[in-house]
Amino acid sequence: FPQKQQTMKHAFLFLIGIFLLTSCVDNREECQLAGNYDFILPATLSPIQEIYSIGDTITFTSSFSDMVYDEHTDQIYHLQNFKFRPEVRIREISDTITDEAALGNFEVLVDGHANFYPFYYSSGSISFVGEYAYENNQYILTYQLIPKTTGFFHFSHFSLLVEDDQHFEGRCSNKVNNATVTLNGGGENNIHLLHESPNTHYNEWMLAVPEDRFHRFGGFVFRVKP
């Protein structure tokens, strides 16, 4: 009887080993794609203009369902209660030295239940950070920007979802999560105005690879006049 029990134990362990080996093979085959996830987050900024006046209202909205498209795998994933960690920055680019605190020249009004609030970096930069509101399987973040001073500005709204390992069904364990904010349907978003900035970071570096350095971060360029 003890020998029979030992034989059954060995058979059970053998079956467990086969199951684990098969699971590893399947996961390895599923995760052979190079690179990481790159979720596409649609957004709009309106009205689309090159020049605004002090006191105008510029509205940003990002709204999408929790069935989110990943550009890298060309698949849709169910991302429930996902933390996309949105951030917005506005920089004044009319000089060779960038004003990283230019968001302070705008009144920011956040709509709805989104937890989106000002953040002051030790470097002096100002941004708004936080999270989307998630209700009824829908993510939404809306805010208004009202300029209080004149200037030449670079706006960017992006996701701090960088090298993130939040879990979702179907996720490969050897891939991490990134996100691209597609502003105004991937439109031009006044990128040509960057040529007018005297700052080489904008008129050279950013324009050298605009898809990676401007568009994927929800870039938009504009002026504010009296």
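Residues numbered from 1 in each chain as written. Predicted model: local features only at pLDDT ≥ 70, side-chain atom pairs only at ≥ 80, totals over all residues. Heavy atoms only, no water.

Caption draft 1: Just the overall build of the protein, in detail. Counting its secondary structure elements, the protein contains three helices and 14 strands. Across the 226 residues of the protein, 42% fall into the buried class. Restricting to contacts in the protein with at least 6 residues of sequence separation, those with at least 24 account for 73%. (Helix = DSSP H or I, 4+ residues; strand = E, 2+ residues; numbered from the N terminus. Buried < 20%, exposed > 50% of the residue type's maximum accessible area, 1.4 Å probe, protein only. Contact = heavy atoms within 4.5 Å.)

Caption draft 2: Up close: the packing of aromatic side chains. Under the definition given, this model contains 27 aromatic pairs. A ring pair is formed by Phe106 and Phe153, whose centres lie 5.0 Å apart and whose planes are at 75 degrees; its orientation type is edge-to-face. You can see Phe106 sitting in strand 7 (residues 106–110) and its partner Phe153 sitting in strand 12 (residues 151–159), a full 47 residues away along the chain. This pair shows no difference in class: Phe106 is buried, exactly as Phe153 is. Look at Phe116 and Tyr143: their rings are 5.4 Å apart centre to centre, the planes differ by 20 degrees, and that puts the pair in the stacked class. Placement of Phe116 in strand 8 (residues 115–120) and of Tyr143 in strand 11 (residues 138–147) is noted, with a sequence separation of 27 residues between them. (Phe/Tyr/Trp six-rings, centres within 6.5 Å; stacked < 30°, edge-to-face > 60°.)

Caption draft 3: The sheet that holds strand 6 (residues 86–92), seen in detail. Taken together, the six strands give an open sheet; going across it, the order is 2-14-12-6-9-8, and neighbouring strands pair in mixed fashion. Here the strands that pair on one side only, and so sit at the sheet edges, are strand 2 (51–53) and strand 8. With strand direction ignored, the average angle separating the axes of adjacent strands in the sheet is 30 degrees. Relative to strand 14 (residues 219–225), strand 2 runs parallel, the two sharing three bridges. Bridge pairing links Ile51 to Arg223 in strand 14. (Pairing = 2+ DSSP bridges. Axes fitted to C-alpha atoms, helices over the stretch in contact; angles between N-to-C directions.)

Caption draft 4: Highlighting the environment of Ile146. For Ile146, the location among the structural elements is in strand 11. For Ile146, a relative accessible area of 16% puts it in the buried group. Residues Ile146 and Ile54, 92 residues apart in the sequence, show an inter-C-alpha distance of 7.3 Å. Apart from residues no more than four positions distant in its own chain, Ile146 is found in contact with Gly55, Asp56, Thr57, Asn105, Phe106, Glu107 and Leu109.

Caption draft 5: Quick look at the pattern of salt bridges. According to the stated counting rule, one finds four salt bridges in the structure shown. Of the charged contacts, one joins Arg91 and Glu100 as a salt bridge, the two residues approaching to 2.7 Å between their closest N and O atoms. Overall, the relative accessible area of 15% leaves Arg91 in the buried class. Overall, the relative accessible area of 28% leaves Glu100 in the partly exposed class. Between Arg223 and Glu196 there is a salt bridge; the shortest N-O distance is 2.4 Å. (Salt bridge = Lys/Arg side-chain N within 4 Å of Asp/Glu carboxyl O.)

Caption draft 6: Broad picture of the nonpolar core. The biggest cluster of nonpolar side chains holds 42 residues, and the ones touching the most others in it are Phe39, Phe84 and Phe155. By residue number, the principal contributor to this core is strand 1 (residues 37–46), which donates five residues. Other than its neighbours up to four places away in sequence, Phe155 contacts Leu45, Phe60, Val88, Arg89, Ile90, Tyr143, Leu145, Leu183, Gly218, Gly219, Phe220 and Phe222. Membership of the second largest hydrophobic core comes to nine residues, among which are Phe152, Ile191, Phe214 and Val221. (Core = buried A, V, L, I, M, F, W, Y, C linked by side-chain atoms within 4.5 Å.)

Caption draft 7: The arrangement of unusual backbone geometry in detail. Residue Ser46 is joined to Pro47 through a cis peptide bond whose omega torsion reads -5 degrees. Mapping Pro47 onto the fold places it in the loop between strand 1 and strand 2. The backbone of Asn81 sits at a positive phi, close to 50 degrees, despite the residue not being glycine. Considering the arrangement of structural elements, one finds Asn81 in the loop between strand 5 (75–78) and strand 6.

Caption draft 8: Broad picture of the confidence of the model for the protein. Averaged over every residue, the pLDDT of the protein is 88; residues scoring 70 or more account for 85%. Between residues 13–29, whose pLDDT stays under 50, and residues either more than four places distant or in other chains, the model counts one contact. (pLDDT = per-residue confidence, 0-100.)

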